[in-house]
Structure formats: C-alpha cells, structure tokens
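Working through the structure, step by step
Letter by letter, the chains look like this.
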Amino acid sequence: MESKIEYFNRYSDTHLPDKMNRWARIAVFKNIRIAWISKHKIKEQDTFCVTCHFPTMQNDTANESKVFFSLEDAKDFVSERWNFFLTAVS
C-alpha cells in the first residue's frame, strides 16, 4: 500500500534557516501531520532529524526519531515507516 505524503515548508522556504535559525519540513498525509523534519548544523555538517507522530513499533509511543545527513534520506525514512504503519493497521 503506497501512500502520498506531502511536505510543507515551516519557517523557511529555502534550504537556509530563517532569521531565528529555524528550518523544518512537515510531512502530511490526508491533512494529518505524520512527521516533522528539522535541520541542524553540527560541526559544519547539515543533519536532518525526523520525529514521527504515529506509532512506529509495537507498544511504542509516537516518538521515534532518527538523524540523517540528507533530506531525501529523511523523507525515505518517513515514507518507509508510514507505509509499514498503514500495512500493519489495515
């Protein structure tokens, strides 16, 4: 079961943070926020932290998070975990 996840800009419409050094992308499925991706610079390296907003493991809360070095890898993780969740509940 493949799902269409949309991403919306938060704080900044570019790959640079806003004036308050904030940058995020919100993952949305059918008008429901399912994940948050924030970007941080650590030792001159951009990192993308994904926080899922849905149960991702048995007996787990919706707090799974993981760090990636590219936005595409972060989006792939969201898609993989979301599709696994949809399959598990259907």
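Bear in mind that the values here come from a model prediction, so they are computed numbers and not experimental data.

A short note on the packing of aromatic side chains
Tallied over the entire structure, the rule returns seven aromatic pairs. With a centroid separation of 5.3 Å and an interplanar angle of 45°, the aromatic rings of Phe68 and Phe77 are classed as tilted. Using a relative accessible area of 13% as the deciding quantity, one classes Phe68 as buried. We classify Phe77 as buried; its relative accessible area is 7%. Chaining the aromatic ring pairs together yields one cluster made of Phe29, Phe54, Trp82 and Phe85.

Some remarks on the environment of Tyr7
Relative to the helices and strands, Tyr7 is located in strand β1 (residues 6-10). By relative accessible area, Tyr7 is classed as partly exposed at 23%. Linking Tyr7 and Lys75, residues 68 residues apart in sequence, is a C-alpha distance of 9.0 Å.

Concerning the pattern of salt bridges
If charged atoms from side chains of opposite charge come close, those side chains can pair. Tallied over the full model, the rule gives three salt bridges. Residue Arg81 pairs with Glu64 through a salt bridge whose shortest N-O separation is 3.5 Å. Here the residue Arg81 occupies a position in helix α1 (residues 71-89), and Glu64 occupies one in the loop between β4 (45-52) and β5 (65-68), the gap between them amounting to 17 residues. Look at Arg81 and you get buried, because its relative accessible area is 15%.

A word on unusual backbone geometry
With a phi close to 65°, Asn21 is a non-glycine residue in the positive phi region. By the secondary structure assignment, Asn21 is in the loop between β1 and β2 (24-29). Its identity as a non-glycine residue notwithstanding, Lys43 has a phi of 50°, on the positive side. Within the fold, Lys43 resides in the loop between β3 (32-42) and β4.

A look at the sheet that holds β5
Taken in spatial order, the five strands of this open sheet run β1-β2-β3-β4-β5, and their pairing is antiparallel. For this open sheet the edge positions go to β1 and β5, each flanked by a neighbour on one side alone. Going across the sheet, the axis of each strand differs from the next one's by a mean of 25°, ignoring polarity. Strand direction decides the pairing type here: β1 and β2, joined by five bridges, are antiparallel. Bridging from a neighbouring strand, Glu6 pairs with Val28 of β2.

Reading guide: rules and limits
- Residues numbered from 1 in each chain as written.
- Predicted model: local features only at pLDDT ≥ 70, side-chain atom pairs only at ≥ 80, totals over all residues.
- Heavy atoms only, no water.
- Phe/Tyr/Trp six-rings, centres within 6.5 Å; stacked < 30°, edge-to-face > 60°.
- Buried < 20%, exposed > 50% of the residue type's maximum accessible area, 1.4 Å probe, protein only.
- Helix = DSSP H or I, 4+ residues; strand = E, 2+ residues; numbered from the N terminus.
- Salt bridge = Lys/Arg side-chain N within 4 Å of Asp/Glu carboxyl O.
- Pairing = 2+ DSSP bridges.
- Axes fitted to C-alpha atoms, helices over the stretch in contact; angles between N-to-C directions.

The values reported here are purely geometric and, on their own, carry no functional implication.
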